[in-house]
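The lines below spell out each chain.
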Amino acid sequence: MSGKPRLTYLNGRGRMEPVRWLLAAAGVEFEEIFLETREQYEKLIKDGVLMFQQVPLVEIDGMKMVQTRAILSYIAGKYNLYGKDLKERALIDMYVEGITDLMQMILVFPFSPPEAKEKNIDSIKERATNRYFPVFEKVLKQHGQDFLVGNKFSWADVQLIEAILAVEEKIPAVLSGFPQLQVTLLLSMPKLRSQRAILK
C-alpha cells in the first residue's frame, strides 16, 4: 500500500463524501476501493477490518478507521483544519454537527419513494432556509471574516460548502436570500474545485 490514504466504500457519495471533500481541501491525494459485491463486504467483516461491520473505511497512518465522525476529526486535526485551540475546536464541532443534521436529510433523499420526493424536497428547503442557512449567514456576518471560525479555512467551512452544493442540486435558488453564504461559496469553490479535479 502506498502512503496515500485508502478509502473503501460503495460507488457513491453517501457517508464517504465529506471525507473526500476534507481530504481535497487539505490537498491530499487518496485512493479509492469501491465495494461492488456482497462478497467483498463480507470478506472485510470476516477479516476483522470493519470494527462495527460497516463502511466507510479509511486506511491512514497505519490505522483502519471506521465511523465517519472519527475519520473526519482525525483528518481535520492532522491537516490543520481543526482550529488553533480548544475553543475553536468546540465551535467547529458545533457547526459541523448542525450541518450534519441537514446533510442527513439529503443523504436519505435518494431512497425516498417517488411519491414522497416532492414533499421531502420541500422539507429540505424549509430546514435549510429557516433553520440552518440563517445561522451560518449570521455567524459569518458577526464574525467579519470569510470563515466560520478564526481567520482561516476549517473543517466547518468544508462541510458547509458541501451542504450548500448538495442543497443547490435540488433547489438551485436556495441561496438567494443569503448574500454572505454566496460570497463564502464564491471565495472557497475555486480552490476546492481544482483540488477535487486533481484528486479525482
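Given the structure is predicted, the values throughout are model-derived calculations rather than measurements.

### Details of the overall build of the chain
Then step 1. The helix and strand tally for the chain stands at seven helices and four strands.
Then step 2. Its C-alpha atoms give the chain a radius of gyration of 17 Å, near enough to 16 Å, the size a compact globule of 200 residues would have.
Then step 3. The dimensions of the chain, computed from C-alpha atoms along their principal axes, are 50 × 45 × 30 Å.
Then step 4. Within the chain, buried positions represent 44% of all 200 residues.
Then step 5. Contacts spanning at least 24 positions in sequence make up 62% of the contacts within the chain whose residues lie at least 6 apart.
Then step 6. By element, 54% of the accessible surface of the chain is carried by carbon and sulfur atoms, the whole surface being about 10900 Å².
Then step 7. Counting 27 positive and 25 negative side-chain charges, the chain places the centres of these two groups 2 Å from one another.

### A word on the layout of surface pockets
Then step 1. In this model, the largest pocket occupies a volume close to 810 Å³.
Then step 2. The wall of the largest pocket is formed by 29 residues, among which Gly14, Arg15, Pro18, Met103 and Leu107 lie closest to the centre.
Then step 3. Where the lining of the largest pocket is concerned, the elements lending two or more residues are helix H1 (17-26), helix H3 (68-78), helix H4 (86-108) and helix H6 (155-170).
Then step 4. In terms of residues, the lining of the largest pocket owes the most to one element, H4, which gives eight residues.

### Points about the sheet that holds strand E3 (residues 57-60)
Then step 1. With respect to topology, four strands assemble into an open sheet ordered E2-E1-E3-E4, the strand pairing being mixed. Two strands close off the open sheet at either side, each with one partner strand: strand E2 (31-34) and strand E4 (63-66). Each neighbouring strand pair of the sheet contributes to a mean axis angle of 20 degrees, computed without reference to strand direction.
Then step 2. Sheet topology note: the E3/E4 ladder contains four bridges and is antiparallel. Paired with Ile60 across the strands is Met63, a residue of E4.

### Some words on the packing of helix H5 (residues 117-143) against H6
Then step 1. H6 packs onto H5 with a crossing angle of 145 degrees between their chain directions and a minimal axis gap of 11 Å. The handedness of the crossing between H5 and H6 is left-handed. Across the interface between the two elements, Ile121, Ile124, Ala128, Phe133 and Phe136 from H5 touch Leu160, Ile164, Val167 and Lys170 from H6.

### Digging into empty space enclosed by the protein
Then step 1. What the rule picks out here adds up to one cavity of 30 Å³ or more.
Then step 2. By volume, the largest cavity amounts to about 40 Å³.
Then step 3. Of the residues that constitute the lining of the largest cavity, the class distribution is four nonpolar, three polar and two charged.

### Observations concerning the packing of aromatic side chains
Then step 1. Taken as a whole and judged by the stated rule, the model has four aromatic pairs.
Then step 2. On the numbers, 5.3 Å between centres and 75 degrees between planes, the contact of Tyr82 with Trp155 is edge-to-face. Of this pair, Tyr82 sits in the loop between H3 and H4 while Trp155 sits in helix H6, and the two are 73 residues apart along the sequence. No difference in accessibility class separates Tyr82 from Trp155, as the two residues are buried.
Then step 3. Pairing Phe147 with Phe153 gives two aromatic rings, centres 6.4 Å apart and planes at 70 degrees, and the pair type is edge-to-face.
Then step 4. Overall, Phe147 belongs to the partly exposed group, its relative accessible area being 22%.

Definitions and limits used
Residues numbered from 1 in each chain as written. Predicted model: local features only at pLDDT ≥ 70, side-chain atom pairs only at ≥ 80, totals over all residues. Heavy atoms only, no water. Helix = DSSP H or I, 4+ residues; strand = E, 2+ residues; numbered from the N terminus. Rg over C-alpha atoms; globule rule 2.2 N^0.38 Å. Buried < 20%, exposed > 50% of the residue type's maximum accessible area, 1.4 Å probe, protein only. Contact = heavy atoms within 4.5 Å. Areas by Shrake-Rupley, 256 points an atom, 1.4 Å probe, with all protein chains shown as cover. Lys, Arg positive; Asp, Glu negative; His and termini not counted. Charge placed at Lys NZ, Arg CZ, Asp CG, Glu CD. 1 Å grid on protein atoms, 1.4 Å probe; cavity = no way out; pocket = protein on both sides within 12 Å on 5 of 7 lines; lining within 4 Å. Points joined across faces, edges and corners; volume = space filled by probe spheres on them. Pairing = 2+ DSSP bridges. Axes fitted to C-alpha atoms, helices over the stretch in contact; angles between N-to-C directions. Left-handed = near helix turned anticlockwise from the far one by under 90°. Nonpolar A, V, L, I, M, F, W, Y, C, P; charged D, E, K, R; others polar. Phe/Tyr/Trp six-rings, centres within 6.5 Å; stacked < 30°, edge-to-face > 60°.

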